[in-house]
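# Commentary on secondary and tertiary structure
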Amino acid sequence: MKRILGSILSFLFLICLFCPTIAYAVGEGNIDTGGGGMGSGTSSNYWNPGDDGVRVTVVRASDHAVVTTPLDLTDITPSSNIYHFGKISKLQYNNGTSLQAYQGGYMYRNPVQALPQIISSSGWSDIDRIKSYFTDEQVIRSIAELVGMDYNVLINGDYKLLIEPLAYFTFQGAKIVTTATEAALYDQQVNGLLRGWMQSLTHKNLPFAMFLETSDLGYPAWSGSRTTAASNADIISSLGLGIVRFNEETEPVEVGTIDYEYRVNTEVITAVTVSGGQSDPDNPVSVKFNIKGTTYTVSNVYYPSGDSQLAWVKWTTPSTEQDMVITVTVTGSGRTSNSTINVRIVDLDQNEPPNPVADDRNNSFSYSSVPSRADQSSASWGVWSPWWYENWVWYGDDEDGYWVDEGWWEFDYNSYTAKLTSSMSIVCDSKNPTASGNTMKSGYGINQSVTGKVTSTLSTAVTQPQTAVSYFPEFGYETYWRLLEQTSSGKFEFQKNPYSTYKNRTHFTPIWMPDGAYTINTWLIDAWTPSGMLSANLTDSLTISGNLWQDWHIAPLKP
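Residues numbered from 1 in each chain as written. Predicted model: local features only at pLDDT ≥ 70, side-chain atom pairs only at ≥ 80, totals over all residues. Heavy atoms only, no water.

In this section: helix 6 (residues 193-205). The periodicity of an α-helix, 3.6 residues per turn, causes residues three or four positions apart to be oriented the same way. Counted at 1.5 Å a residue, the expected span for helix 6 with its 13 residues is 18 Å, and the 17 Å between its end C-alpha atoms agrees. Taken as a whole, helix 6 carries its principal kink of about 105° at Q199. Of all the 13 residues making up helix 6, ten are buried; the element is thus mostly covered by neighbouring parts of the structure. Those residues of helix 6 lying buried are L193, L194, R195, M198, S200, L201, T202, H203, K204 and N205. (Helix = DSSP H or I, 4+ residues; strand = E, 2+ residues; numbered from the N terminus. Expected span 1.5 Å × (residues − 1). Bend = angle between axes of the 7 residues up to and from the residue. Buried < 20%, exposed > 50% of the residue type's maximum accessible area, 1.4 Å probe, protein only.)

Okay, structure coming up:
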């Protein structure tokens, strides 16, 4: 099968260097290693031991947000025309950033304090040296300087370092650099060609160069094989990363973890990853989801040997709050690690704000920051499609012989994407007699309109956004909220307010609200795809100037 490397762009090539500093031990490393022998390569597809490095990303511990541009460190001088995929971290890829290839313009740093061996040709790196290096004060100070952070801020416990191994190798005659995650994503794009030529590196020693000993930043501790080539799905979800944290606290491990949280009366998608053996039309795999007594069967879940496939089901949640257990069974050679899925169904239409009254007071009020709720605008996934590669062999002599097709199944990986576009607008209520544009007095009402739409290359595998929830500054963007009503396709507005004289779709601002920007935060959710939920964290503001009492005038009655 013909394979093509991908789209290429040219950029300026830059080279920079570390500055030396004094070294002491700092931080705690959450890293382990594994792998295996490298096997042999070809003149067009090979990797040389020592051609490795790391990608370092500073991540905020509280919400796992990437706060700096990832930094690539290596002891080698890469080719000026090397192919690469930019500076994207594993967290960003897992949050929906797509893979994009470039040629040239690759930025890296050569540290004065040489890196330890990151990728071993034998498969077992010196993990103690790697941990010691990335918890060394000199290294951490250098990283802080290079990413533009104060060293004491970096190590105060609010941030962590995400470390990803890098491999510099030759593929199809071209120089290329990838993290383990990028290699797996690229292998999906080229239908397994990278794995076919470079498996020992890209699907074994690179991803197993680092993995977690304990779960952190939403990634699990790796408990699978450390010597068998990993699937693309396992690499993307769990391998090729280490984490350095700067305090002794670890993220709590939840007992009885909820795998999915859904809303009542909502069309959702539940998915599992299937792997093991090879699934093709001769040996198919099927998956059964048992949900509240109903069995949903997904047939013909195909994938090549050594890889995996998402299997998913679309269903509608119950109308009442509850916890559920979905059981998953696989027939054929496949298996899934999620034989049971714990689901929580919640009803958000139960916590509307109280009715504000004219004599309300809140002298201790102070503004809160708008929360960083999940904001996922894109998703990608794929489906393996098998096709028969004919290989006709002649048996017998010229007169009595016969042809036998001794072919085999090949696979194409069909990639799909989904994108959520959204907007939010708040305006003064039409019954407000003194509003001027986007300026109003406190005590009057506000109307809101939220729109959302999902476009996808596989529309049958997604849902449109179904839920919008608004949070308000007077409640610190918590405590009380309003569940919006879907008034037309893709449009959400406040529900009719029972305290409104005209039963308008309005939210009344408290009369004590200080002058200044009044910002509403709306979370648009429940746009489901096989690879997870798309969502948008939206805001819009009006200006408060004065209060409702200023529109009242008291005068004596005429005699």
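A few words on the sheet that holds strand 17 (residues 340-346). Strand order in the open sheet formed by five strands is 11-17-16-13-14, with mixed pairing between adjacent strands. On the outer flanks of this sheet lie strand 11 (260-263) and strand 14 (294-298), each paired with one strand and no other. Neighbour-to-neighbour, the strand axes of the sheet open up by a mean angle of 25°, direction not taken into account. Strand direction decides the pairing type here: strand 11 and strand 17, joined by four bridges, are parallel. Note on strand 17: the bridge partner recorded for R263 is V346. (Pairing = 2+ DSSP bridges. Axes fitted to C-alpha atoms, helices over the stretch in contact; angles between N-to-C directions.)

Right, let's talk about the packing of helix 5 (residues 180-189) against helix 6 for a bit. Contact geometry of helix 5 with helix 6 gives a least axis separation of 10 Å together with a crossing angle of 165°. One element, helix 5, and the other, helix 6, form an angle in the roughly antiparallel class. Of the two elements, helix 5 crosses helix 6, and the hand of that crossing is left-handed. The residues of helix 6 that touch helix 5, namely those facing A183, Y186 and D187, are L193, L194, R195, T202 and H203. Of the residues belonging to the contact of helix 5 with helix 6, the class tally is four nonpolar, two polar and two charged. (Parallel < 35°, antiparallel > 145°, perpendicular 65-115°, else oblique. Left-handed = near helix turned anticlockwise from the far one by under 90°. Contact = heavy atoms within 4.5 Å. Nonpolar A, V, L, I, M, F, W, Y, C, P; charged D, E, K, R; others polar.)

Turning next to the pattern of salt bridges. Scanning the entire structure with this criterion turns up 14 salt bridges. A salt bridge links E137 to R141; the shortest N-O distance between them is 2.7 Å. With E137 and R141 both in helix 3 (residues 137-147), this residue pair falls four residues apart, about one helical turn. A residue is classified by how much of its surface remains accessible, and E137, at 12% relative accessible area, is buried. The partner of D551 in a salt bridge is K441, and the shortest N-O contact between them spans 3.4 Å. Of this pair, D551 sits in the segment after strand 30 (532-547) while K441 is found in strand 22 (residues 439-442), placing the two residues 110 residues apart along the sequence. (Salt bridge = Lys/Arg side-chain N within 4 Å of Asp/Glu carboxyl O.)

With that settled, the discussion passes to the sheet that holds strand 29 (residues 516-529). Reading across from one edge, 22-30-29-24-25 is the order of the five strands in this open sheet, with mixed pairing throughout. Looking along the sheet, the strands with just one partner apiece sit at the ends: strand 22 and strand 25 (481-483). Taken pair by pair, the neighbouring strands of this sheet meet at an average axis angle of 35°, ignoring direction. Sheet topology places strand 24 (residues 467-471) next to strand 25; three bridges connect them, and they run antiparallel. Within strand 25, the position partnered with Y471 by the bridge is W481.

Quick look at the packing of aromatic side chains now. One pass over the structure, following the stated rule, counts 24 aromatic pairs. Relative to Y108, the ring of Y106 lies with its centre 5.9 Å away and its plane at 15°, an arrangement referred to as stacked. For the pair formed by Y106 and Y108, the shared burial category is buried. Cluster of aromatic residues (ring-pair linked, three or more members): Y260, Y262, W315 and W528. Over the face of the ring belonging to Y151 we find R141, whose NZ or CZ atom lies 3.9 Å from the ring centre. Note that K431 overlies the ring of Y502, its terminal NZ or CZ placed 4.5 Å from the centroid. (Phe/Tyr/Trp six-rings, centres within 6.5 Å; stacked < 30°, edge-to-face > 60°. Lys NZ or Arg CZ within 6 Å of the ring centre and 35° of its normal.)

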